[in-house]
Amino acid sequence: MKITVLCVGKIKEKYFTLGIDEYAKRLSRYCKLEIIEVPDEKTPDNASENEELQIKAKEGDKLLRYIKDNAFVIALAIEGKMLTSEELSEKMEQLGINGDSNVVFVIGGSLGLDKRILDRADYKLSFSKMTFPHQMMRMVLLEQVYRGFRIMKGEPYHK
Ligand SMILES: C[S@@+](CC[C@H](N)C(=O)[O-])C[C@H]1O[C@@H](n2cnc3c(N)ncnc32)[C@H](O)[C@@H]1O
């Protein structure tokens, strides 16, 4: 399975980079992982709602360029569906069985994801009703995908 994590914005904090690199290394045993970053747009402090929509649209344009027609797209969205780790693992296994071997997780920037990405998504995944910073979300997602593979393979992993 090829897993792409498509994200808006860079990782600026060293402690996130360390965590992300660690899980990316662990995941290399289970899948082909690619992390693609598109640059975020500057958001003025006093941006109007309309300006924010335009900023999200520009980020959306950049993200859409990396989403192929045959990709199974999972958008990370607060309003999406919440799963247990076991359910996420089952979902990933099912995608593999169905031949959906090109899975793209998309993480938005500080304003969230453009509507076109949410509409394109085959699945919207929520990690809770709380808002996480996108840098942290990337690390948490990789950990959960790694956990998902361990569960799928029946391999031990700390609870
Ligand atoms: C700082 S958040 C954006 C917050 C923005 N106000 C929104 O409502 O989407 C950046 C990105 O992290 C991801 N994210 C943050 N919290 C999340 C959660 N609880 N569940 C799923 N994704 C989340 C989403 O992809 C979001 O676009």
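Here's a quick rundown of the structure. A quick note: this is a predicted structure, and the numbers were derived from the prediction, not measured.

Cut-offs and rules
- The written sequence of each chain sets the order in which its residues are numbered from 1.
- In keeping with the predicted nature of the model, local features appear solely for residues at pLDDT of at least 70, side-chain atom pairs appear and are counted solely at 80 or more, and the whole-chain, interface and lining totals rest on all residues.
- Processing note: side-chain calculations cover all non-hydrogen atoms of the structure and skip hydrogens and water entirely.
- Proximity criterion: a residue is near a molecule or strand once any of its heavy atoms comes within 4 Å of it.
- Pairing of N or O atoms within 3.5 Å defines a polar contact, subject to two protein rules: one partner must be a possible hydrogen donor and the other a possible acceptor, and residues neighboring in sequence count only if both atoms are side-chain atoms.
- Each accessible area value is a Shrake-Rupley result obtained with a 1.4 Å probe; residue values ignore everything except the protein chains displayed when judging cover.
- What counts as a helix is a DSSP run of H or I of at least four residues, what counts as a strand is a run of E of at least two, and both are numbered from the N terminus.
- Each aromatic pair joins two rings of Phe, Tyr and Trp (for Trp, the six-membered one) with centres within 6.5 Å, and gets the label stacked for planes under 30 degrees apart, edge-to-face for over 60, and tilted for any other angle.
- Exposure is judged per residue with a 1.4 Å probe applied to protein chains only, and the accessible area is read against the type maximum: over 50% gives exposed, under 20% gives buried, and values in between give partly exposed.

1. Looking at the site of the ligand
Okay, step 1: Surrounding the ligand, one finds 19 residues, the nearest of these being Leu 76, Phe 127, Ser 128, Met 130 and Phe 132.
Okay, step 2: The contact in question runs from an oxygen atom of the ligand to an N or O atom on the backbone of Gly 108, over 3.0 Å.
Okay, step 3: For the ligand, whose accessible area on its own is 570 Å², the fraction buried by protein is 82%.
Okay, step 4: Those elements that provide at least two residues to the shell around the ligand are strand E3 (72-82), strand E5 (123-126) and helix H5 (134-152).
Okay, step 5: Residue contributions to the shell around the ligand peak at three residues, all from E3.

2. Observations concerning the packing of aromatic side chains
Okay, step 1: For the structure on display, the rule yields five aromatic pairs.
Okay, step 2: Ring plane angle 65° and centroid distance 6.1 Å describe the contact between Tyr 30 and Tyr 146, whose orientation is recorded as edge-to-face. Of the two residues, Tyr 30 is situated in the loop between helix H1 (14-27) and strand E2 (32-38) and Tyr 146 in helix H5; the sequence distance between them amounts to 116 residues.
Okay, step 3: On the accessibility criterion, Tyr 30 (12% relative accessible area) is buried.
Okay, step 4: A relative accessible area of 6% means that Tyr 146 is categorised as buried.
Okay, step 5: Taking the centre distance of 5.2 Å and the plane angle of 90° together, the rings of Tyr 146 and Tyr 157 count as edge-to-face.

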